[in-house]
Amino acid sequence: YYCYTHGFDVDHPGTNCTVPKYGHVPHMTAQQVREDTNRGPSKEYWLIPHASRVGIHKHIMPSQAQAQGYNVPRPIRNNNTRRGRNRGNNNGYGGYNNNSG
């Protein structure tokens, strides 16, 4: 959960905060704060300067991010590094060609 007062990865959403600070925004989402933080390195760049960023450094697994509604891009596959690809005159296998027949 995210709470405007207490930050990221807490045990309650902002709408259920029992000790909100002055100016608490109950419906602020973690994604809104992350996007705002990406605007620049310090508060002078942010549109939401008083939102708590405690725990923003924590990462979640892609499967969990999808469950929470984040758009998770698929990883890029580099076919040149996959096993079994032809890398020369070795019939698509790594190592030596032992077909001495």
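Right above here is the structure, for reference.
Residues numbered from 1 in each chain as written. Predicted model: local features only at pLDDT ≥ 70, side-chain atom pairs only at ≥ 80, totals over all residues. Heavy atoms only, no water.

Asks: Can you tell me about the environment of Tyr45, naming the residues and giving the values?
Replies: Position of Tyr45 among the secondary structure elements: in the loop between α1 (30-37) and α2 (62-67). Residue classification places Tyr45 among the partly exposed positions, given a relative accessible area of 40%. With sequence-adjacent residues up to four places away left out, Tyr45 is seen in contact with Arg39 and Gly40. (Helix = DSSP H or I, 4+ residues; strand = E, 2+ residues; numbered from the N terminus. Buried < 20%, exposed > 50% of the residue type's maximum accessible area, 1.4 Å probe, protein only. Contact = heavy atoms within 4.5 Å.)

Asks: Quick rundown of α1? Include the residues and the values.
Replies: Every α-helix winds through 3.6 residues per turn, so residues three or four apart in the chain are directed the same way. Taken residue by residue, α1 has Ala30, Val33, Asp36 and Thr37 as its buried positions. Looking down the long axis of α1, one finds its buried residues gathered within 130° of arc, a one-sided arrangement. Buried residues along α1 sit against β1 (2-3) and β2 (7-8). (Arc of directions from axis to C-beta.)

Asks: Before we move on, can you summarise the state of the cysteines with the specific residues and values?
Replies: Disulfide: a covalent bond connecting the sulfur atoms of a pair of cysteines. What the rule picks out here adds up to zero disulfides. Free of any disulfide, Cys17 has its nearest cysteine sulfur in Cys3, 3.7 Å distant. (Disulfide = S-S within 2.5 Å.)

Asks: Please give an account of the pattern of salt bridges that cites residues and values.
Replies: Overall, the coordinates contain two salt bridges when judged by the stated rule. Two residues, Arg39 and Asp36, come together in a salt bridge whose shortest N-O distance is 3.9 Å. A residue is classified by how much of its surface remains accessible, and Asp36, at 4% relative accessible area, is buried. In this structure, Asp36 engages Arg53 in a salt bridge whose closest nitrogen and oxygen atoms are separated by 2.9 Å. Placement of the pair is Asp36 in helix α1 and Arg53 in the loop between α1 and α2, with a sequence separation of 17 residues. There is no split in this pair, since Asp36 and Arg53 are both buried. Three or more residues are tied together by salt bridges with common partners; here these are Asp36, Arg39 and Arg53. (Salt bridge = Lys/Arg side-chain N within 4 Å of Asp/Glu carboxyl O.)

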